Every structure is written in structure tokens, then in C-alpha cells.
Amino acid sequence: MKKITILFILLSLFFVSNSYAQKVSTAGFLGWSVPQGEAFTYDEGSGGKGGLGYTADVLYHFEKFDNKLAAGLVYNGAIVAGGGTSDEALNLDMYGLGLYGVKGYYRFFNSSVSPYVAFSTGLSRLEIPEITSGDEVVAEGSSTFSFGMAPEIGIELGGFTISAMYLVPMKYETWSNEKETAGSLQISLGWRFGFDL
């Protein structure tokens, strides 16, 4: 009798917990990334810089907050080209910047058009290229890590999304003996797809 009662309670809890649909959404973004910080500066500000930014997230929406509040996992990355003149020669370098972490998200309305705000935090990584002079490698390229955070604002138009995200410049080890800041501003277009579990 005890086993049947326990089984009945467990089955009841299972069906009650699964009788309500739980909303999950996933999104992908692609856009323009403008690097920020000391790691991307060049001689006398002569350099140009920019690149491709991309983001993917998976969010769980809280029914208690009318599915407007959500939290989940995020990956944000950027491939940045930076160049400038050094010793009267043109240099072009490629950098990688990324954030692996968690994301909080709040959508203001439940209509098909709604502004939203988000905040991501976690482990960020900067990949720096090697520096060469002719055929000689002056400084080795490396990958270095730091704490990262990124506020975001945007607007959703149906599933289509326009967003601006600022990966706050944080300190990373670069070629110099001192740490330098690196971050990015990303303007992106994307699509968010929601479904019920």
C-alpha cells in the first residue's frame, strides 16, 4: 500500500508540474562590431577598426512574470580587424573577443512589438595576434581571459530583433607587460524563436 501511495504521489507531482507549458526561446544575432579599449589603439590614432559580431542565447521564461522575464545561457563573439601605420608601414591584425556566460532578459510588453533590456555576465576571452617584423616574430599571439559583462537594449518586431550590446572593456594581458582594456559595441539584427516545453 505504501508503494502504491508513493507512486501515486510521484505521478501526481509529475502531471501537475507538466500540465503548464514552460516557455523557452532561442535567438541568433549577427552585426557590426566596433572594438573599444587600449588593446585596439594604434600609432597616433591612425588605425581603422571594425568587424563581425555574433550572439546566440537560450532563455527560460518565467511564467510567474507573464513570460516577460527570462534567464539563460549566452555566447557572444566578435572577429575584429584592426589596422594602422607603424614605422611607415600598414599593419592589419585580426582579434577575437568573446563572452561565455549567463543572460538576464526583460521584455516590456507581451505584444508582437516590444522593447527589451538584457544583461549578460561571465567569462570573457581576448585572442590577440602575433606581432612580426619582416619574417621575425616580435611577440607571440595568445588567448587571455577576464571577467565580462554586457548590457543590451533592443526591440522585437515579431520574431525579428534589432539590438545594441556593449561588451564593457575589461583588463586583459596583451603584448605589453601591463594589462590593457578591450571591449566592443555591437549593433545587430537577429531572430528570436520561442516554443513551449
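Residues numbered from 1 in each chain as written. Predicted model: local features only at pLDDT ≥ 70, side-chain atom pairs only at ≥ 80, totals over all residues. Heavy atoms only, no water.

### Quick notes on unusual backbone geometry
What is expected of a backbone is that most residues other than glycine have negative phi and most peptide bonds are trans.
Reasoning step 1: Positive phi, normally seen in glycine, also occurs at D66, with a value near 60 degrees.
Reasoning step 2: As for its placement among the helices and strands, D66 is situated in the loop between β2 (48-61) and β3 (69-86).
Reasoning step 3: A positive phi angle is found at N67, which is not glycine, with a value near 65 degrees.
Reasoning step 4: Take N67: it is sitting in the loop between β2 and β3. (Helix = DSSP H or I, 4+ residues; strand = E, 2+ residues; numbered from the N terminus.)

### Some remarks on the nonpolar core
Reasoning step 1: One finds L97, L126, L167, Y172 and A182 to be the most contacted residues of the largest nonpolar core, which totals 15 residues.
Reasoning step 2: Listing elements by their share of this core, those giving two or more residues are β3, β4 (89-107), β5 (113-128) and β9 (160-173).
Reasoning step 3: It is β9 that provides the largest number of residues to this core, a total of four residues. (Core = buried A, V, L, I, M, F, W, Y, C linked by side-chain atoms within 4.5 Å. Buried < 20%, exposed > 50% of the residue type's maximum accessible area, 1.4 Å probe, protein only.)

### Topic: the layout of surface pockets
Reasoning step 1: Volume-wise, the second largest pocket comes out at about 180 Å³.
Reasoning step 2: Of all the elements in the fold, those that place two or more residues in the lining of the second largest pocket are β1 (23-36), β4 and β10 (179-196). (1 Å grid on protein atoms, 1.4 Å probe; cavity = no way out; pocket = protein on both sides within 12 Å on 5 of 7 lines; lining within 4 Å. Points joined across faces, edges and corners; volume = space filled by probe spheres on them.)

### Here's the deal with the packing of aromatic side chains
Aromatic ring pairs are defined here through the distance separating the ring centres and the angle between the ring planes.
Reasoning step 1: A complete count under the given rule lists six aromatic pairs for this structure.
Reasoning step 2: Seen in terms of ring centroids, Y54 and Y75 are 6.1 Å apart; in terms of plane orientation they differ by 40 degrees. Their pairing is tilted. Here Y75 lies in strand β3 and Y54 lies in strand β2, a separation of 21 residues in the sequence.
Reasoning step 3: With a relative accessible area of 26%, Y54 lands in the partly exposed category. (Phe/Tyr/Trp six-rings, centres within 6.5 Å; stacked < 30°, edge-to-face > 60°.)

### Digging into empty space enclosed by the protein
Reasoning step 1: Inspection of the entire model under this criterion finds one cavity of 30 Å³ or more.
Reasoning step 2: What the largest cavity holds in volume is close to 80 Å³.
Reasoning step 3: Forming the walls of the largest cavity are F29, T55, V74, N76, K103, S120, E152, S163, M165, Q186 and S188.
Reasoning step 4: Mapped by element, the contributors of at least two residues to the lining of the largest cavity are β3, β9 and β10.
Reasoning step 5: Partitioning the lining of the largest cavity into residue classes produces three nonpolar, six polar and two charged. (Nonpolar A, V, L, I, M, F, W, Y, C, P; charged D, E, K, R; others polar.)

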